[in-house]
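Chain and residue survey
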Amino acid sequence: QVQLVESGGGLVQPGGSLRLSCAASGFTFSRSVMSWYRQAPGKERELVATIRTGGNTNYADSVKGRFTISRDNSKNTVALQMNNLKPEDTAVYYCYALTIAKGYWGQGTQVTVSS
């Protein structure tokens, strides 16, 4: 079955960095569009970054220049490097896979930016 397992979340001070990783299995990773979403308390889930099968990327305006999404098709992983983190980046971050058949969500990982 499809599995998306996120890791790398935690508590970090403003200005710090974290690297999230998502390990995928159960589907053809190289043919899937991979994204990171986040959901802060009391807010709707929002798209953070997307990487397509050819490597093209898109970012939310709020994270451009600070976050970088990447994928490793040989390891079936997608990563989100987050630099210069701000308190407003605090949220649960979710990995999302859009396959030919349907979309799948990971369970999420908490990122808290606080001094």
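Before going into details, it helps to say that this report is about the structure given with it. (Residues numbered from 1 in each chain as written. Predicted model: local features only at pLDDT ≥ 70, side-chain atom pairs only at ≥ 80, totals over all residues. Heavy atoms only, no water.)

1. Brief notes about the pairing of strand β8 (residues 77-82)
Across a regular strand the side chains alternate sides, sitting on one face of the sheet and then on the other. Examined bridge by bridge, strand β3 (residues 18-25) and β8 share six bridges and lie antiparallel to one another. Bridging across to β8, Ser21 finds its partner in Ala79. Where strand β7 (residues 67-72) folds back onto β8 in an antiparallel hairpin, the turn is made up of four residues, including Asn76, whose phi is positive at roughly 55°. (Pairing = 2+ DSSP bridges. Helix = DSSP H or I, 4+ residues; strand = E, 2+ residues; numbered from the N terminus.)

2. Remarks on the sheet that holds strand β1 (residues 3-7)
Strand pairs in the sheet, formed through backbone hydrogen bonds, run parallel or antiparallel to each other. If you trace the four strands from one edge of the open sheet to the other, you get β1-β3-β8-β7, paired in antiparallel fashion. Every other strand in the sheet has two partners, leaving β1 and β7 as the edge strands with one partner each. Taken pair by pair, the neighbouring strands of this sheet meet at an average axis angle of 15°, ignoring direction. Bridge analysis of β1 against β3 gives five bridges, and the strand direction is antiparallel. Paired with Glu6 across the strands is Cys22, a residue of β3. (Axes fitted to C-alpha atoms, helices over the stretch in contact; angles between N-to-C directions.)

3. Considering the environment of Tyr93
Inspection of the secondary structure assignment puts Tyr93 in strand β9 (residues 91-98). Between the C-alpha atom of Tyr93 and that of Val2, which follows or precedes it by 91 residues, the distance is 18 Å. Apart from residues lying up to four places away in sequence, Tyr93 is in contact with Glu6, Leu20, Trp36, Tyr37, Arg38, Val48, Phe67, Leu80, Met82, Gly108, Thr109 and Val111. Within the local environment of Tyr93, its side chain forms a polar contact with the backbone oxygen of Asp89, the two atoms lying 2.6 Å apart. (Contact = heavy atoms within 4.5 Å. Polar contact = N/O pair within 3.5 Å; in protein donor to acceptor, adjacent residues only side chain to side chain.)

4. Remarks on the state of the cysteines
Enumeration according to the criterion identifies one disulfide in this entry. Paired by a disulfide, Cys22 and Cys95 hold their sulfur atoms 2.2 Å apart. Because the sign of the S-S torsion sets the handedness, a value of about -80° for the bond joining Cys22 and Cys95 places this disulfide among the left-handed ones. Taken together, the residues span a long stretch of sequence, with Cys22 in strand β3 and Cys95 in strand β9 at a distance of 73 residues. You'll find Cys22 and Cys95 in the same group, each marked buried. (Disulfide = S-S within 2.5 Å. Buried < 20%, exposed > 50% of the residue type's maximum accessible area, 1.4 Å probe, protein only.)

Interpretation in functional terms is not warranted from these geometric data alone.
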